Structures are given as structure tokens and as C-alpha cells.
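# An overview of the molecular structure
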Amino acid sequence: MTKALLLGVCALAVGTYAFRFAGPVLRSRVKVSARTVKLLEIASVVLLTALAVTTLIPSGDHRVGIALPAGVLVAAVLAWRKAPLLAVILAAAVTTAGLRLLGLH
């Protein structure tokens, strides 16, 4: 490792630790309005939804068959029925992998 790379890794580690440490320390000092908290909750849902949707868009010359949307549909139904997160992820992965194994890419 070069000195600059090692220094960068250390700086990133210290910054990450300081950022995480600041939350509990400043929690009692900083007052956030109820409206701001609600907006942040909505923003996190929108961000995660956007992330999930962008994974469905094919990149390059890859065609999306039925397997990926079927896995997402299974995950959406299980999440809507409030299944545990691990069950949702595993069911979606098994559905997608199973359909691909059957030749339905």
C-alpha cells in the first residue's frame, strides 16, 4: 500500500466513526421538528424505492426476461403481507434463480 492510500483509509475510518458518534452525542442538543422527521421518513422510502427500481432496468445489451420481474413481484407481495425481510429476500432470490434454472431468463 502506498502512503497516500493508507492515509486515505485512516481518514475515512476516523470520519466514519466521528459521524456515527455524533448522532447519539448530539441527539439531545439538536431539536428536529416533527415535520422534518416525517419528511426524512418519506425521503428514505422514496430513495429505497428508486434504488429497487433502478436494479430492474437492464444495463447494456442485456434483455430482461420473466425471471427478474417475477422475483421482484414475489418480494413485493411478501413485503406487502409484512413477511420478515429475510424471507422476502430469500423467496425473491429462489424465485429468480429457479426460473433462470428452468431456462426462463
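Look up: the structure comes first, before these words.
Residues numbered from 1 in each chain as written. Predicted model: local features only at pLDDT ≥ 70, side-chain atom pairs only at ≥ 80, totals over all residues. Heavy atoms only, no water.

### Topic: the overall build of the chain
- On a plain count of helices and strands, the chain comes out with four helices and zero strands.
- Reading the helices (α) and strands (β) of the chain from amino to carboxyl end gives α-α-α-α.
- Referenced to the eigenvectors of the C-alpha coordinate spread, the extents of the chain come out at roughly 55 × 45 × 25 Å.
- Per-residue burial over the chain gives 8% buried out of 105 residues. (Helix = DSSP H or I, 4+ residues; strand = E, 2+ residues; numbered from the N terminus. Buried < 20%, exposed > 50% of the residue type's maximum accessible area, 1.4 Å probe, protein only.)

### Comments concerning a nonpolar patch on the surface
- On the surface, a cluster of nonpolar side chains totalling about 630 Å² of accessible area is made up of Y17, F21, V25, L26, V30, V32 and V37.
- Among the elements that line the nonpolar patch, the one with the most residues is helix α1 (residues 3–26), at four residues.
- Within the fold, L26 resides in helix α1.
- Here L26 falls in the partly exposed class, since its relative accessible area comes to 39%. (Patch = residues over 30% accessible without salt bridge, like charges linked within 9 Å, V, L, I, M, F, W, Y side chains within 5 Å. Areas by Shrake-Rupley, 256 points an atom, 1.4 Å probe, with all protein chains shown as cover. Salt bridge = Lys/Arg side-chain N within 4 Å of Asp/Glu carboxyl O.)

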